[in-house]
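Summary of the model geometry
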Amino acid sequence: MNLRDQIKIDNQRTFLNTNEFADLYIINGKPVKVVLNAATDNKHPLAYAEGVSLVNDTLHVDVLELGYTPKQDEWLNINGTEHRVVRVASEKGMLAIYLEANVG
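It should be emphasised that the depicted structure is a prediction, and the values quoted were computed from it without experimental measurement.

Further remarks concern the pattern of salt bridges. Going through the model one piece at a time under the given rule, you end up with 2 salt bridges. Ionic pairing is found between arginine 84 and glutamate 100, a salt bridge with its closest N-O pair at 2.9 Å. Residue arginine 84 is located in strand β5 (residues 81–91), and its partner glutamate 100 is located in strand β6 (residues 94–103); the two are separated by 16 residues in the primary sequence. With a relative accessible area of 23%, arginine 84 lands in the partly exposed category. A relative accessible area of 22% means that glutamate 100 is categorised as partly exposed. Each of Asp73, Arg84 and Glu100 takes part in salt bridges that share partners, so that together they form one network.

In structure tokens form, the structure reads like this:
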């Protein structure tokens, strides 16, 4: 076994383990184990929509579990909220999907 194989095992056993770091989210109608880092910019609400803030989330997911690699400007429905894909990075079988959403 090489280092890349061990990283894939560690991602599944630890990082994407729902007893450790991951949670189960519904993405476009499909349950997927992910780690979601959420950041709401409450200090700078959207000027054009009173009471609405911009959320910048980073979603970490196994590309095989999600089933595909999202594209920039694609929309993902995550637990009933629409998020726009800002950027996608891929590292050793894991995707880091950078998202934006307007929430109020």
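Counting 13 residues, the largest nonpolar core has Ile27 and Ile97 as its most contacted members. At the level of elements, β1 (23–27), β2 (30–40), β3 (53–62), β4 (75–78) and β6 are the ones that each hand at least two residues to this core. With residues near it in sequence (within four places) discarded, isoleucine 97 still touches Asp57, Thr58, Leu59, Val61, Leu66, Pro70, Leu76, Val85, Arg87 and Val88.

Thresholds applied
- Residues numbered from 1 in each chain as written.
- Predicted model: local features only at pLDDT ≥ 70, side-chain atom pairs only at ≥ 80, totals over all residues.
- Heavy atoms only, no water.
- Salt bridge = Lys/Arg side-chain N within 4 Å of Asp/Glu carboxyl O.
- Helix = DSSP H or I, 4+ residues; strand = E, 2+ residues; numbered from the N terminus.
- Buried < 20%, exposed > 50% of the residue type's maximum accessible area, 1.4 Å probe, protein only.
- Core = buried A, V, L, I, M, F, W, Y, C linked by side-chain atoms within 4.5 Å.
- Contact = heavy atoms within 4.5 Å.

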